[in-house]
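Now for the letters of each chain:
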Amino acid sequence: MNKIPVTVLSGYLGAGKTTIMNHVLQNEKNMRVAVIVNDMSEINIDASLISEGSGIARTEEKFVELSNGCICCTLREDLLIEVEKLAKQGNIDYILIESTGISEPIPVAQTFSYIDEELGIDLTRFCTLDTMVTVVDANRFWHDYQSGESLLERKEAVGEGDDRDVADLLIDQIEFCDVLIVNKCDLVAEEDLKRLTGVLKALQPSAKFIFTEQGQVEPTEILHTGLFDFEKAMNSAGWLQELEDGHANHTPETEEYGITSFVYEVRRPFHPARLVEWTEHMPREIVRAKGIVWSAVQNEVAILLSQAGPAVRFEPVSYWVAALPEAQQKQVFEEDPHVLADWDATYGDRGTQLVIIGIDMDEEMIKKQLDVCLLTEEEMKSDWKALEDPFQWQWS
């Protein structure tokens with residue numbers, strides 16, 4: 001059985017996903033397309049727009065609505081069931097999915113990449129994920145990114161426990177895609193568009209960029225592209241490529257508009273309270289900061305620092321190898337000999353690698369500010385556990 005290719009449209013609310021989907025359906029006459037629209041509202045406005053404008057009856061597209069939830073979380077089970085049902089009918093050529101504006105793309109991609117043991121559904125038997133598309137609103141990007149608002153504050157959250165920030169969501173959507181559509185380009189000045197493009201390419205250097213007005217995109221740009229590769233997509237974010245390749249991926253757009261990046265790397269722990277204070281007053285020129293940091297108080301645990309606009313998060317991600325029992329350390333060394341290549345005689349694998357991306361940044365000043373957040377010589381000799389702890393994690 002030939003597997004059915006799938007394209008997923010992601011992007012924040014109002015970016016133009018529905019307009020793009022309508023345009024693709026109106027201009028793709030050679031395929032039977034099943035459309036799945038995921039919308040958070042009780043009245044599915046996206047669904048009504050598509051049914052009015054897409055010519056579904058003429059082109060025999062099939063249409064499924066998933067409402068009152070988000071594909072990446074509460075409706076994942078529904079998505080699995082509906083896609084399997086459509087695929088088994090055997091009378092469609094393509095599946096086109098529009099995620100809700102608050103959906104994160106990685107869990108959606110995982111739905112098509114792994115077997116769901118609980119439901120016993122394996123979509124990899126019927127489908128192949130062809131393209132992950134993210135749509136960015138050129139006109140509203142900076143407004144949303146710099147708003148400092150949460151989805152809860154905007155009444156767009158899945159529930160009371162959904163504490164995601166708008167800026168975090170925008171970054172999640174940008175950093176995981178094969179095609180990035182910059183929409184509504186006609187609503188911004190040429191220079192502003194070029195600078196935004198430079199920032200987006202620093203955040204996502206691997207994706208194919210398409211610039212559109214009113215969602216006018218050629219269907220061949222997002223259908224049957226064969227671009228999706230899960231591992232490649234997982235490692236496509238600019239901050240990860242900066243860690244791996246340094247400045248190898250910088251483009252003329254980033255250089256021309258003062259968009260630069262660097263890695264702050266150091267083998268001395270941070271005083272966590274000073275580091276947190278720095279993030280609260282981070283230079284506005286910094287657009288994105290992400291990486292692993294070493295905190296003196298949380299000396300056993302590697303911490304992920306993730307900043308997007310005004311939103312900053314710290315979370316423990318794993319134990320340092322040096323903090324593991326000797327038997328476990330030995331096992332790690334056997335499985336991954338590269339760990340030993342950068343092993344410090346005193347502190348093992350502990351250290352900070354923080355990627356910083358920004359516009360017109362003073363790199364030296366930022367490095368000096370971060371240096372001030374490190375333990376002083378006197379503090380290095382003191383009891384680190386006695387230092388102020390702003391996190392208070394119970395890590396086990």
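Below: a short report on this structure. (Residues numbered from 1 in each chain as written. Predicted model: local features only at pLDDT ≥ 70, side-chain atom pairs only at ≥ 80, totals over all residues. Heavy atoms only, no water.)

1. Observations regarding the pairing of strand β9 (residues 286-293)
(1) Moving on: Within β9, 7 of the 8 residues are buried, leaving the element largely enclosed by the surrounding structure.
(2) Moving on: In terms of strand pairing, β9 meets strand β12 (residues 352-359) through 6 bridges, oriented antiparallel. Along β12, the bridge assignment pairs I292 with Q353. (Buried < 20%, exposed > 50% of the residue type's maximum accessible area, 1.4 Å probe, protein only. Helix = DSSP H or I, 4+ residues; strand = E, 2+ residues; numbered from the N terminus. Pairing = 2+ DSSP bridges.)

2. Comments concerning the side chain of T7
(1) Moving on: Among the secondary structure elements, T7 is positioned in strand β1 (residues 4-11).
(2) Moving on: Polar contacts involving the side chain of T7 include one to the side chain of Y94, which spans 2.7 Å. (Polar contact = N/O pair within 3.5 Å; in protein donor to acceptor, adjacent residues only side chain to side chain.)

3. Comments concerning the environment of A202
(1) Moving on: Structurally, A202 is set in helix α8 (residues 190-203).
(2) Moving on: Residue classification places A202 among the buried residues on the basis of a relative accessible area of 17%.
(3) Moving on: When the C-alpha positions of A202 and R288 are compared, they lie 9.4 Å apart, and in sequence the two are 86 residues distant.

4. A word on the packing of aromatic side chains
(1) Moving on: Enumeration over the complete set of coordinates arrives at 14 aromatic pairs.
(2) Moving on: A centroid spacing of 5.0 Å and a plane angle of 50° characterise the contact between F314 and F391, whose relative ring orientation is tilted. Separated by 77 residues along the polypeptide, F314 in strand β11 (residues 311-319) and F391 in the segment after α16 (377-380) bring together distant segments of the chain. In this pair, the class of F314 matches that of F391, namely buried.
(3) Moving on: Taken together, the aromatic side chains of Y114, F176, F228 and F230 make up a single cluster linked through ring pairs.
(4) Moving on: Against the face of F209 rests K201, its NZ or CZ located 5.2 Å from the ring centre. (Phe/Tyr/Trp six-rings, centres within 6.5 Å; stacked < 30°, edge-to-face > 60°. Lys NZ or Arg CZ within 6 Å of the ring centre and 35° of its normal.)

5. Quick notes on the nonpolar core
(1) Moving on: The biggest cluster of nonpolar side chains holds 36 residues, and the ones touching the most others in it are F141, Y145, L151, I174, L180, V182 and L200.
(2) Moving on: Those elements that place two or more of their residues in this core are α6 (141-145), α7 (166-175), β6 (179-183), α8, α10 (238-245) and β12.
(3) Moving on: Those residues within four positions of Y145 in sequence are excluded, and the remaining contacts are A167, L170, I171, V287, R288, A308, G309 and P310. (Core = buried A, V, L, I, M, F, W, Y, C linked by side-chain atoms within 4.5 Å. Contact = heavy atoms within 4.5 Å.)

6. Quick notes on the sheet that holds strand β10 (residues 301-308)
Within a sheet, adjacent strands bond to each other through the backbone by hydrogen bonds, running parallel or antiparallel.
(1) Moving on: In space, the 5 strands of this open sheet follow the order β8-β12-β9-β10-β11, with antiparallel pairing throughout. The open sheet is flanked by β8 (259-266) and β11, the only strands paired with a single partner. Each strand axis lies, on average, 15° off the axis of its neighbour in the sheet, ignoring direction.
(2) Moving on: Taken strand by strand, α7 contacts β9, β10 and β11, and its axis lies near 95° from that of β10.
(3) Moving on: The strands that α10 touches are β8, β9 and β12; relative to β12, the one it contacts most, it runs at about 120°. (Axes fitted to C-alpha atoms, helices over the stretch in contact; angles between N-to-C directions.)

7. Section: α8
Because each turn of an α-helix spans 3.6 residues, side chains separated by three or four positions end up pointing in the same direction.
(1) Moving on: Compared with the 20 Å implied by 1.5 Å per residue over 14 residues, the 20 Å span of α8 between its first and last C-alpha is a close match.
(2) Moving on: When we look at burial in α8, the residues that qualify are L193, L196, T197, G198, V199, L200, K201, A202 and L203. (Expected span 1.5 Å × (residues − 1).)

8. With respect to unusual backbone geometry
Outside of glycine, negative phi angles account for most residues, and trans bonds account for most peptide bonds.
(1) Moving on: Unlike most non-glycine residues, H224 shows phi in positive territory, near 55°.
(2) Moving on: By secondary structure assignment, the location of H224 is in the loop between β7 (208-211) and α9 (230-234).
(3) Moving on: In this model, D360 sits at a positive phi of 50°, which is unusual for a non-glycine residue.
(4) Moving on: In this fold, D360 is placed in the loop between β12 and α15 (363-373).

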